[in-house]
Amino acid sequence: MRIAGRMVLAVALPAVLFAIWWFATANSTNFYLPPLREILRIFPDVWTGDRLRTDVLPSLLRLAAGYTLAVVAGIALGVLVGSYRAVRAVLEPVLEFFRAIPPPVLVPVIMLFAGIGDTMKVVVIAAGCVWPILLNTVEGVRAVDSVLADTCRSYRISGPARLRHLVLRGASPQIAAGMRQGLSIAIILMVISEMFAASNGLGFAIVQFQRGFAIPDMWSGILLLGLIGLVLSLLFRLVESRALAWYHGLRRVQRGS
């Protein structure tokens, strides 16, 4: 019931904004801002099975590949940097330098090395959304309970067992926070990467509608993009609530005491 309540709260604000959009544009005669009812009317005609297969599915596959690559790289490097002070001293200035570069600026550079195919788009997504995952992992590893670390040392728990049961478990709340931030960045970069030298994808379709002055179709693509983001956010919250059930339970106990 607690999970269901959080889901209702997560959907409540989008529903309110949707209602505001509906009534605010109900009598609109602006060519560039059509009524929401018109957008909804053409939505099933625009996003048919063929277009979902040729545009939406490739976008989701690129998103999944880039995000997965960022999660693996961010956690692995974050554990390394967070665990060893010498490594952190060497890499921290370099990481701060690259973190300050806006990911969209890297698109033309990545195109030079990775071409204009799916590889470029996956690399752009991964290069942009890896930073919140990496930095949150570093802070999570550094904040591992020193008492638990001493206990592991006393019982000679080391290697993979220490990494799994102490480091990753202790840092998992902050890792999850970084992954949540990275997911929203990944969706943005998915669209941006498909606006450069692409032949399919959700971002490509939205740009094509805009260039052809198919404004309701363009808005339907933006609406679909928002729905995809909402669904992915809800799925992430569901998985997170189950994976970190121990952490949320501990927080409730601490607040109640």
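Residues numbered from 1 in each chain as written. Predicted model: local features only at pLDDT ≥ 70, side-chain atom pairs only at ≥ 80, totals over all residues. Heavy atoms only, no water.

Positioned with a positive phi, R156 is a non-glycine residue whose angle comes to about 55°. Looking at the secondary structure, you find R156 in the loop between α7 (146-154) and α8 (159-194). One non-glycine residue with positive phi stands out, namely F213, at about 55°. By secondary structure assignment, the location of F213 is in the loop between α9 (202-211) and α10 (215-243). (Helix = DSSP H or I, 4+ residues; strand = E, 2+ residues; numbered from the N terminus.)

With that settled, the discussion passes to the confidence of the model for the protein chain. Across the protein chain, the average pLDDT comes to 88, with 96% of residues at 70 or higher. Taking the mean pLDDT of every element in the protein chain, the minimum, 77, falls on helix α1 (residues 2-24) and the maximum, 94, on helix α3 (residues 49-83). (pLDDT = per-residue confidence, 0-100.)

This part is about the layout of surface pockets. By rolling a water-sized probe across the atoms, one finds the places where empty space is left. Considered as a void within the structure, the largest pocket measures approximately 340 Å³ in volume. Around the largest pocket, the lining comprises 15 residues; the ones closest to its centre are G82, S83, V141, R162 and V167. Contributing elements (two or more residues each) for the lining of the largest pocket: α3, α6 (118-142) and α8. Broken down by element, the residue count for the lining of the largest pocket peaks at 5 residues, all from α8. Its residues assigned to classes, the lining of the largest pocket shows 9 nonpolar, 3 polar and 3 charged. (1 Å grid on protein atoms, 1.4 Å probe; cavity = no way out; pocket = protein on both sides within 12 Å on 5 of 7 lines; lining within 4 Å. Points joined across faces, edges and corners; volume = space filled by probe spheres on them. Nonpolar A, V, L, I, M, F, W, Y, C, P; charged D, E, K, R; others polar.)

What follows concerns the packing of aromatic side chains. Each aromatic ring pair is summarised here by two numbers: the centre-to-centre distance and the angle between the ring planes. A full pass over the atoms with the stated rule returns 6 aromatic pairs. When the centroid spacing of 5.2 Å and the interplanar angle of 85° are considered together, the rings of F31 and Y32 count as edge-to-face. Here F31 falls in the partly exposed class, since its relative accessible area comes to 46%. Look at Y32 and you get exposed, because its relative accessible area is 52%. (Phe/Tyr/Trp six-rings, centres within 6.5 Å; stacked < 30°, edge-to-face > 60°. Buried < 20%, exposed > 50% of the residue type's maximum accessible area, 1.4 Å probe, protein only.)

What follows concerns α10. Over its 29 residues, α10 runs 42 Å from end to end, which matches the ideal 42 Å to within 8%, given 1.5 Å per residue. Within α10, the full set of buried residues consists of I215, M218, S220, G221, L223, L224, L225, I228, L234, F236, E240 and S241. (Expected span 1.5 Å × (residues − 1).)

This brings us to the pattern of salt bridges. Here the structure, examined in full by the defined rule, presents 9 salt bridges. The salt bridge involving D55 is made with R51; its shortest N-O contact spans 3.1 Å. With D55 and R51 both in helix α3, this residue pair falls 4 residues apart, about one helical turn. Classification of D55 as buried rests on a relative accessible area of 6%. Judged by its relative accessible area of 27%, R51 falls in the partly exposed class. Between E139 and R142 there is a salt bridge, with the nearest N and O atoms lying 3.9 Å from each other. Linking E139 with R142, this pair stays in helix α6, spanning 3 residues, or about one helical turn. Accessibility expressed as a relative area gives 39% for E139, which makes it partly exposed. Residue classification places R142 among the partly exposed positions, given a relative accessible area of 46%. Through salt bridges with shared partners, one network takes in R62, D118 and E194. (Salt bridge = Lys/Arg side-chain N within 4 Å of Asp/Glu carboxyl O.)

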